[in-house]
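Now for the letters of each chain:
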Amino acid sequence: MGLKVCKFGGSSLSDAEQFKKVKSIIEADNDRKVVVVSAPGKRFKGDHKVTDLLYLCSAHVEYGVSFDYIFDLIADRFNEIRSDLGLQTDIGPDLDEIRAGIGKGADKEWIASRGEYLSAKLMADFLGYEFLDAALWLKFKYDGTVDEEESYGSLYAAAEGKRIVTPGFFGVMPGGKVKTLTRGGSDVTGALAAAALEADVYENWTDVPGILMADPSIVPNPKPIKLITYAELRELSFLGAKVLHAGSVMPVREKNIPLNIRDTNAPSQPGTLILNSISDDDGDDGNFITGIAGKKGYSVITVLKSGMSSDPEALLKILEITAAHNVNVEYIPSGIDIVSLVVSASKTEDSLYSILAEIQKVLKPDNIKVTEHMAIVAAVGRKMVYKPGTSGKIFATLGENGVNIRMITQGPEELDIIVGVEEKDFEQAVRILYNTFIKEKIS
Ligand code: ASP
């Protein structure tokens with residue numbers, strides 16, 4: 001028998017109907033023994049997430065304004081779920097304790113954590129699983145990072161061989177004080193639980209069909225990615241593709257545990273499966289591009305100096321200058337005697353001219369120029385490396401469609417081909433790549 005750790009996000013727990021969907025998912029697979037839950041999210045557009053309301057209560061107390069009206073909204077949400085599902089667990093004393101705690105100016109992180117806490121209590125009752133407070137196993141170190149060893153050991157001891165529901169999003173500091181993760185942190189709790197218990201898979205149930213092959217605000221109805229490696233995912237996330245909390249990848253990746261993103265509202269769909277490596281046996285969707293991502297808001301500093309290629313220290317000197325200004329150089333496409341530095345425009349707003357002046361002084365280049373309003377588009381795909389001519393095809397396709405490529409570089413291990421285009425061409429470039437290489441499957 002196997003073990004699946006399943007994390008359900010806020011929209012999967014927004015009301016009794018969503019709770020029922022969760023139950024049928026859990027009951028459909030006997031291996032789904034460990035469940036991590038978020039606090040109830042929005043039921044409809046314009047609705048509030050319970051966590052937001054909890055923060056709002058805390059802010060009201062801070063400003064000396066009555067929070068009762070907001071707390072009533074929270075209490076109503078939980079009471080409604082409880083009564084709609086006919087649950088026995090009495091959450092009255094918990095709600096009283098939380099209300100009283102907020103009134104007495106309880107710590108903000110404790111207040112924020114109570115959404116997950118109550119959500120898990122109700123879900124445990126509904127599923128007939130044991131409730132396990134995250135305070136009993138998710139431990140932080142004094143420096144605020146998760147103490148993995150402690151946490152893994154504690155969870156293993158408490159949950160081994162059991163069926164449990166545990167709240168996401170928080171744990172405790174060494175003295176026992178509740179500490180929350182950053183927003184969306186239940187994803188991290190799920191990953192830690194999967195790693196602690198060496199699960200066969202970490203299922204992250206949400207309200208989207210998986211990681212999409214392109215940004216849906218640019219490409220209409222992009223397909224979900226079926227299979228992707230952790231390394232590819234990192235490339236896509238770096239350029240803004242958002243589905244998971246960034247901290248949720250490491251714990252499972254380290255232990256070689258597959259991460260499966262699934263849609264609670266479409267449980268028959270396979271979602272996106274993220275693996276350390278993918279072999280031909282794992283299946284193939286016929287696309288050599290796994291996904292397309294990109295971002296606007298870059299500036300490119302280009303430094304040209306004849307003979308620079310034979311100066312082993314030239315690049316070092318340039319990077320020392322950017323580092324001194326705390327500027328992260330995201331890509332460094334270079335050629336003979338020419339180096340380009342791709343930097344975030346917003347992060348260099350205050351330091352750009354000083355950086356240019358210092359490069360000028362230290363390097364005495366023949367030419368130095370800045371190209372602003374640039375965007376980066378990356379075609380990510382582990383299979384590209386085996387396909388000769390891929391980059392040529394990508395450049396040709398963009399060129400034929402009138403997109404001027406201003407810069408070309410490659411990501412690590414030839415996992416992606418990265419092009420710099422003007423911001424005005426950004427959306428078009430993404431659409432062209434998607435339509436050509438994914439929709440029409442030209443390979
Ligand atoms: N409820 C928390 C939030 O809204 C954590 C989570 O849902 O993962 O950020």
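Residues numbered from 1 in each chain as written. Predicted model: local features only at pLDDT ≥ 70, side-chain atom pairs only at ≥ 80, totals over all residues. Heavy atoms only, no water.

Participant: Even after reading the chapter, I still don't get the environment of A379, so can you show me in this structure?
Facilitator: By secondary structure assignment, the location of A379 is in strand β15 (residues 367–380). With relative accessibility at 1%, the residue A379 sits in the buried group. Between the C-alpha atom of A379 and that of F426, which follows or precedes it by 47 residues, the distance is 13 Å. Discounting chain neighbours no more than four positions away, the residues touching A379 are I289, G291, M384, I394, L415, D416 and I417. (Helix = DSSP H or I, 4+ residues; strand = E, 2+ residues; numbered from the N terminus. Buried < 20%, exposed > 50% of the residue type's maximum accessible area, 1.4 Å probe, protein only. Contact = heavy atoms within 4.5 Å.)

Participant: How should I be thinking about the packing of helix α2 (residues 50–62) against helix α5 (residues 108–127) in this particular structure?
Facilitator: Packed helix pairs are specified by the crossing angle of their axes together with the interaxial distance, meaning the distance between the axes. α5 packs onto α2 with a crossing angle of 155° between their chain directions and a minimal axis gap of 8 Å. Relative to α5, the element α2 is oriented roughly antiparallel. In this structure, the crossing between α2 and α5 has a hand that is right-handed. Here V50, T51, L54, Y55 and S58 of α2 lie close against α5, whose contacting residues are K108, I111, A112, R114, G115 and E116. Residue classes in the contact of α2 with α5 are distributed as five nonpolar, three polar and three charged. (Axes fitted to C-alpha atoms, helices over the stretch in contact; angles between N-to-C directions. Parallel < 35°, antiparallel > 145°, perpendicular 65-115°, else oblique. Left-handed = near helix turned anticlockwise from the far one by under 90°. Nonpolar A, V, L, I, M, F, W, Y, C, P; charged D, E, K, R; others polar.)

Participant: How do you make sense of the pairing of strand β14 (residues 338–344) when you look at a structure like this?
Facilitator: Looking along a regular strand, one sees the side chains alternate between the two faces of the sheet. Of all seven residues that make up β14, six are buried, and the element is covered over most of its length. Across seven bridges, strand β11 (residues 291–304) lies against β14 in antiparallel orientation. By the bridge assignment for β14, V300 is matched with V342. As paired elements, strand β13 (residues 334–335) and β14 share two bridges and run antiparallel to each other. Bridge pairing links S334 to V339 in β14. (Pairing = 2+ DSSP bridges.)

Participant: It is not clear to me how the packing of aromatic side chains should be interpreted in this structure. Could you clarify?
Facilitator: The description of an aromatic ring pair uses the distance of the two centres, along with the angle that the planes make with each other. Taken as a whole, this structure holds four aromatic pairs when the rule is applied. Between F288 and F437, the ring centres sit 5.4 Å apart and the planes meet at 75°, which makes this aromatic pair edge-to-face. Note that F288 is positioned in the loop between β10 (272–275) and β11 and F437 in helix α13 (residues 426–439), a separation of 149 residues in sequence. Taking the relative accessible area as the measure of exposure, F437 reaches 1% and is therefore buried. Seen from the ring of F131, K121 lies directly overhead, with NZ or CZ sitting 5.8 Å from the centre. (Phe/Tyr/Trp six-rings, centres within 6.5 Å; stacked < 30°, edge-to-face > 60°. Lys NZ or Arg CZ within 6 Å of the ring centre and 35° of its normal.)

Participant: Hey, could you run me through helix α6 (residues 148–159) in this one?
Facilitator: Each α-helix turn comprises 3.6 residues. Residues three or four places apart therefore point the same way. Taking 1.5 Å per residue, twelve residues should reach 16 Å; α6 reaches 16 Å between its end C-alpha atoms and fits that length. Among the structural elements, β4 (164–167), α7 (186–196) and α9 (250–254) are those in contact with the buried residues of α6. The positive-phi residue at the C-terminal boundary of α6 is G161, with phi of around 75°. (Expected span 1.5 Å × (residues − 1).)

Participant: For this particular structure, what's the right way to read the environment of D31?
Facilitator: Mapped onto the elements, D31 comes out in the loop between α1 (16–27) and β2 (32–37). Sequence spacing of D31 and I81 is 50 residues, and the spatial spacing of their C-alpha atoms is 26 Å. Excluding residues that lie within four positions of it along the chain, D31 makes contacts with M1, G2, L3 and K4. Reaching out from D31, the side chain makes a polar contact with the backbone nitrogen of G2 at a distance of 3.2 Å. (Polar contact = N/O pair within 3.5 Å; in protein donor to acceptor, adjacent residues only side chain to side chain.)

Participant: Looking at this structure, how should I read unusual backbone geometry?
Facilitator: Across residues other than glycine, the phi torsion is negative in most instances, and most of the peptide bonds are trans. Phi at N221 is positive, roughly 45°, even though this residue is not glycine. Within the secondary structure, N221 is located in the loop between β7 (201–206) and β8 (227–229). A positive phi angle, close to 60°, is found at N256, a residue other than glycine. Here N256 is to be found in the loop between α9 and β9 (259–263). Here N256 falls in the exposed class, since its relative accessible area comes to 52%.

Participant: It is not clear to me how the site of the ligand should be interpreted in this structure. Could you clarify?
Facilitator: Surrounding the ligand, one finds S38, T51, E116, F169, R183, G184, G185 and S186. Within the side chain of R183, an N or O atom sits 2.7 Å from an oxygen atom of the ligand. In the environment of the ligand, an oxygen atom lies 2.8 Å from a nitrogen or oxygen atom belonging to the backbone of G184. Of the residues that constitute the shell around the ligand, the class distribution is one nonpolar, five polar and two charged. (Near = heavy atom within 4 Å.)

Participant: Sorry, what's going on with the side chain of D47 here?
Facilitator: With respect to the helices, strands and loops of the structure, D47 is situated in the loop between β2 and α2. The class of D47 is buried, set by a relative accessible area of 7%. One polar contact links D47 to R43, side chain to side chain, over a distance of 2.7 Å. Once you skip the residues sitting within four places of it in the chain, D47 turns out to touch G41, K42 and R77.

Participant: How should the pairing of β15 be read in this particular structure?
Facilitator: Inspection of the sheet shows β11 paired to β15 by eleven bridges, in the antiparallel sense. Residue pairing for β15: A293 is matched across the bridge by A378.

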